[in-house]
Amino acid sequence: MKSYVRRYPNTWWLNKSSYFFFMVREFTSIFVAGYCVFLVYFIYKLSQGPDAYYALIEALKSPLSIALHVIVFIFAVYHSITWFKLTPKIMILRIGEEQIPSFLISGANFFAWVVVSAILAWIISVV
Amino acid sequence: MGGRVRYPGLDNLGGIRMSKSNEPIWWSLFAAGGVVSAIFIPIFIVITGLILPSSLTGEEAFAFERIHEAAAHPIVRLLVFCLIVFPLFTFAHRFRSILADVGLMKIRPVISVFCYGFAIFGTIITAVVLWNLS
């Protein structure tokens, strides 16, 4: 038996804005993974000693590095927003018969995101 | 968006005949990475891309001794491991779908091996680098 494969053009995601933004959401993972590779590099330089570490810190001050960070940040935040908006669709919570409204679940996620970010920024960046 | 377009033949991972119970493992890693990326990655980008280069909180905050001592702590190393590794599996899962979605359906087995292979390779490298940090 041969299974049915629906044919569609490879550019299907350009035909409709919702498809396009779906694809953007999927592409965010490339930028986030790229940043993770950078984090490994950061740790590696840290393990090499002060000279290697400070050379990297200097490189981080370059306009190119800052520009890359801005681009990656935009995609990372887009991932965060889409992820939190998806959460209530996957995680359905009920109190008795009542289903907890999705905006509460998303809202709790957004709130936790902001709080965790503030705490981390404080712990890491402030002596 | 029909699931048909998004995850065609999901139960048959990458066209490789594997037991159907394999997918939940990859999906769990994907989901864990999604959560980790969503909550923690943006602030790290702000720190290494804005706070650190601008010395917003002073030069001493990112002094070698301070960062090294903190990062070398076993629990911090474990957290950093999770921070780096899980998003790699989110990438693997999504990149595999992107390639299938733009018409590389026929070489799905190769794509799956390449994507998840990259994530596993990245996991090993991360473990080694963190292990050597001390």
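Not measured: the values here are computed from a predicted model.

(A) How the structure looks around the overall build of chain B. Counting its secondary structure elements, chain B contains 5 helices and 0 strands. Listing each helix as α and each strand as β along chain B from the N terminus yields α-α-α-α-α. Across the 134 residues that make up chain B, the buried fraction comes to 37%. The contacts in chain B between residues at least 6 apart in sequence include a share of 74% that link residues at least 24 apart.

(B) Quick look at the overall build of chain A. Regarding its fold elements, chain A presents 4 helices and 2 strands. Its helices and strands taken in sequence order, chain A reads α-α-α-β-β-α from the N to the C terminus. Against the compact-globule benchmark of 14 Å for 127 residues, chain A has a radius of gyration of 21 Å, which places it well outside the compact range. Oriented by its inertia axes, the alpha-carbon framework of chain A measures out at about 60 × 45 × 30 Å. In chain A, which comprises 127 residues, the proportion classed as buried is 20%. Long-range pairs, those at least 24 residues apart, make up 43% of the contacts in chain A with a sequence separation of at least 6.

(C) A look at helix H5 (residues 108-131) of chain B. If you check H5 of chain B, its first and last C-alpha atoms are 34 Å apart, about what 24 residues at 1.5 Å a residue would give, namely 34 Å. Buried within H5 of chain B are the following residues: Ile111, Ser112, Cys115, Tyr116, Ala119, Gly122, Thr126, Val129 and Leu130 of chain B. Structurally, H5 of chain B contributes buried residues whose contacts are with helix H1 (17-47) of chain A together with helix H2 (23-54) and helix H4 (74-104) of chain B.

(D) Quick peek at the confidence of the model for chain A. Residues with a pLDDT of 70 or more make up 100% of chain A, whose mean pLDDT is 91. Here strand E1 (residues 94-95) of chain A is the element of chain A with the lowest mean pLDDT, 82, and helix H2 (residues 50-60) of chain A is the one with the highest, 96.

(E) Geometry of the interface of chain A and chain B. The interface of chain A with chain B comprises 47 residues on the first partner and 46 residues on the second. When residues of the side of chain A that touches chain B are traced back to their parent elements, those giving at least two are H1, H2, helix H3 (63-90) and helix H4 (102-125) of chain A. Among the elements that take part in the side of chain A that touches chain B, H1 of chain A stands out by supplying 16 residues, more than any other. Residue composition of the side of chain A that touches chain B, grouped by class: 36 nonpolar, 8 polar and 3 charged.

(F) Highlighting the nonpolar core. Counting residues in hydrophobic clusters, the biggest one holds 47 residues, and the most contacted among them are Val32, Tyr35 and Ala76 of chain A together with Leu88 and Ala92 of chain B. Broken down by element, this core gets its largest block of residues, 13 residues, from H2 of chain B. Here Val32 of chain A is in contact with Ala76 and His79 of chain A together with Ser37, Ile41, Pro87 and Phe91 of chain B, once residues within four sequence places are set aside.

(G) Fine view of the confidence of the model for chain B. Residue and element names in this part refer to chain B. Scored by pLDDT, chain B comes out at a mean of 86, with 84% of its residues at no less than 70. Here helix H1 (residues 3-6) stands out as the element of chain B with the lowest mean pLDDT, 44, in contrast to helix H3 (residues 64-72), whose mean of 96 is the highest. Segment residues 1-9: pLDDT under 50, and 8 contacts once partners within four positions in sequence are set aside and those in other chains are kept. Two summary scores accompany this predicted model of the complex, namely pTM at 0.85 and ipTM at 0.89.

(H) Molecular detail of the packing of H4 of chain B against H5 of chain B. Residues and elements named next belong to chain B. Close contact between H4 and H5 brings their axes to 9 Å; oriented N to C, the two are set at 165 degrees. Between H4 and H5, the angle falls in the class roughly antiparallel. In terms of crossing hand, the pair formed by H4 and H5 is right-handed. Residue classes in the contact of H4 with H5 are distributed as 19 nonpolar, 4 polar and 3 charged.

(I) Quick look at unusual backbone geometry. All names here are of chain B. Residues other than glycine seldom take positive phi values, yet Ser55 does so here, at roughly 50 degrees. Here Ser55 shows up in the loop between H2 and H3. Judged by C-beta crowding, with 14 C-beta atoms within 10 Å, Ser55 ranks as partly exposed.

(J) Region of interest: the environment of Val24 of chain A. Residue and element names in this part refer to chain A. Structurally, Val24 is set in helix H1. Val24 sits in the partly exposed class, given 14 other C-beta atoms within 10 Å. Spatially, the C-alpha atom of Val24 lies 9.8 Å from that of Trp13, the residues being 11 residues apart in sequence.

(K) Representation of the packing of H1 of chain A against H4 of chain B in the model. At their nearest, the axes of H1 of chain A and H4 of chain B sit 8 Å apart, and the two run at 145 degrees to each other. In this structure, H1 of chain A crosses over H4 of chain B, and the sense of that crossing is left-handed. On H4 of chain B, the residues that touch Glu26, Phe27, Ser29, Ile30, Val32, Ala33, Cys36, Leu39, Val40 and Ile43 of chain A of H1 of chain A are Val80, Ile84, Pro87, Leu88, Thr90, Phe91, Arg94, Phe95, Ser97 and Ile98 of chain B. Residues that form the contact of H1 of chain A with H4 of chain B fall into these classes: 15 nonpolar, 3 polar and 2 charged.

Reading the values: rules and limits
Residues numbered from 1 in each chain as written. Chains lettered and ligands numbered in written order. Predicted model: local features only at pLDDT ≥ 70, side-chain atom pairs only at ≥ 80, totals over all residues. Helix = DSSP H or I, 4+ residues; strand = E, 2+ residues; numbered from the N terminus. Buried ≥ 20, exposed ≤ 12 C-beta atoms within 10 Å, placed from the backbone. Contact = placed C-beta atoms within 7 Å. Rg over C-alpha atoms; globule rule 2.2 N^0.38 Å. Expected span 1.5 Å × (residues − 1). pLDDT = per-residue confidence, 0-100. Nonpolar A, V, L, I, M, F, W, Y, C, P; charged D, E, K, R; others polar. Core = buried A, V, L, I, M, F, W, Y, C linked by C-beta atoms within 7 Å. Axes fitted to C-alpha atoms, helices over the stretch in contact; angles between N-to-C directions. Parallel < 35°, antiparallel > 145°, perpendicular 65-115°, else oblique. Left-handed = near helix turned anticlockwise from the far one by under 90°.

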